[in-house]
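Examining the three-dimensional arrangement
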Amino acid sequence: MSLSAGLFITFEGIDGAGKSTHIASIARAFEATGRRVVLTREPGGTPLAEKLRGLVLNDPMDPLCESLLVFAARRDHLAQVIEPALADGAVVLCDRFTDATFAYQGHGRGFDLRVLEQLEAWVQRDAHGNLRQPDLTVWFDLPAAVAAERLASARVPDRFESQPQAFFQRVASGYAARAAQAPQRFARIDADQPRDAVAEAVRRAFAQRGWLPSS
Ligand code: TMP
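Residues numbered from 1 in each chain as written. Predicted model: local features only at pLDDT ≥ 70, side-chain atom pairs only at ≥ 80, totals over all residues. Heavy atoms only, no water.

**Quick notes on the site of the ligand**
Taken together, 14 residues sit near the ligand, with Asp15, Arg53, Arg96, Thr101 and Gln105 positioned nearest. One of the side-chain N or O atoms of Lys19 is found 3.1 Å from an oxygen atom in the ligand. Between Gln105 and the ligand, the recorded distance is 2.8 Å, taken from a side-chain N or O atom to a nitrogen atom. When the ligand sits alone it has 480 Å² of accessible area, and the protein chains cover 95% of it. Sorting the residues of the shell around the ligand by element identifies helix 2 (47–58), helix 3 (63–87) and helix 4 (98–108) as the ones contributing at least two each. With four residues, the single largest contributor to the shell around the ligand is helix 4. Classifying every residue of the shell around the ligand by side-chain character gives six nonpolar, two polar and six charged. (Near = heavy atom within 4 Å. Polar contact = N/O pair within 3.5 Å; in protein donor to acceptor, adjacent residues only side chain to side chain. Areas by Shrake-Rupley, 256 points an atom, 1.4 Å probe, with all protein chains shown as cover. Helix = DSSP H or I, 4+ residues; strand = E, 2+ residues; numbered from the N terminus. Nonpolar A, V, L, I, M, F, W, Y, C, P; charged D, E, K, R; others polar.)

Next up, the structure:
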């Protein structure tokens, strides 16, 4: 891969898995190598997609509506932010992407995975028929019971954070299923460790691919 090629990296895991601090330190590490970094999130990342995020997280709706809104937000995000940044050679670090839709709407809510596959193709295929997928997905894997303990002391919960533990068990198994389908794309991080050990494991995933120095 040439140095000027963009990199699309996504970060996934159930609520409470602790992705945020690690995303920030990976951003600093890439910047230290002289790369331009675009730090973004889903649902969100554009003014329109952030409005849709507010609806998805707070307004009651059925799983089809939820799926359509997260994919509508994704379409705008890809067109306005992700694709232009990749074309410009940037490193795009995105807090959640389509694996979250399969995990939350598909496995968590029980929505039809084949419909999600169709929406994925509609939203992520370019004019040449190539399906945009992350170059790497860092998956913070954490037992739902541990995540529930961490979330108990957290902020006012949104429509997802307030779900019962069984929901997060299904979401976690959804991530495992997506990882099994594309093992080369996923780096599984054991998130049930002290923060420094998690940070080290995350860093190793990037070093192994030759994208960052090892410490
Ligand atoms: P965040 O709190 O990590 O920013 O994520 C927002 C919430 O949205 C989180 O509970 C997961 C959920 N979500 C979905 O249900 N489907 C999706 O496609 C995405 C991207 C997030």
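Alright, that's what it looks like, and here's the rest.
**Overview of the nonpolar core**
Ile9, Phe30, Leu93, Tyr104 and Phe206 are the most contacted members of the largest nonpolar core, which totals 49 residues. For this core, the leading source of residues is helix 7 (residues 165–181), giving six residues. Contacts of Phe30, omitting those with residues within four sequence positions, involve Leu7, Ile9, Arg35, Val37, Val91, Leu93, Phe206, Trp211 and Leu212. With 17 residues, the next largest nonpolar core counts Val38, Leu78, Ala85 and Leu86 among its residues. (Core = buried A, V, L, I, M, F, W, Y, C linked by side-chain atoms within 4.5 Å. Buried < 20%, exposed > 50% of the residue type's maximum accessible area, 1.4 Å probe, protein only. Contact = heavy atoms within 4.5 Å.)

**Some points on helix 3**
Over its 25 residues, helix 3 extends 33 Å from the first C-alpha to the last, a length consistent with the 36 Å expected when each residue adds 1.5 Å. Along helix 3, the sharpest change in direction is near 50° and occurs at Leu78. Taking the backbone nitrogen of Leu64 as reference, a side-chain oxygen 3.2 Å away marks Asp62 as the first, capping residue of helix 3. Residue Gly89 follows helix 3 closely and has a positive phi angle near 85°. (Expected span 1.5 Å × (residues − 1). Bend = angle between axes of the 7 residues up to and from the residue.)

**Description of the packing of helix 4 against helix 5 (residues 113–124)**
Relative to each other, helix 4 and helix 5 sit at 155°, their axes nearing to 10 Å. In terms of orientation, helix 4 lies roughly antiparallel with respect to helix 5. Pair helix 4 / helix 5 crosses with right-handed handedness. Here helix 4 contributes Thr98, Thr101, Phe102, Gly106 and His107 to the contact with helix 5, which in turn contributes Leu113, Leu116, Glu117, Glu120 and Gln124. In terms of residue class, the contact of helix 4 with helix 5 is built from three nonpolar, five polar and two charged. (Axes fitted to C-alpha atoms, helices over the stretch in contact; angles between N-to-C directions. Parallel < 35°, antiparallel > 145°, perpendicular 65-115°, else oblique. Left-handed = near helix turned anticlockwise from the far one by under 90°.)

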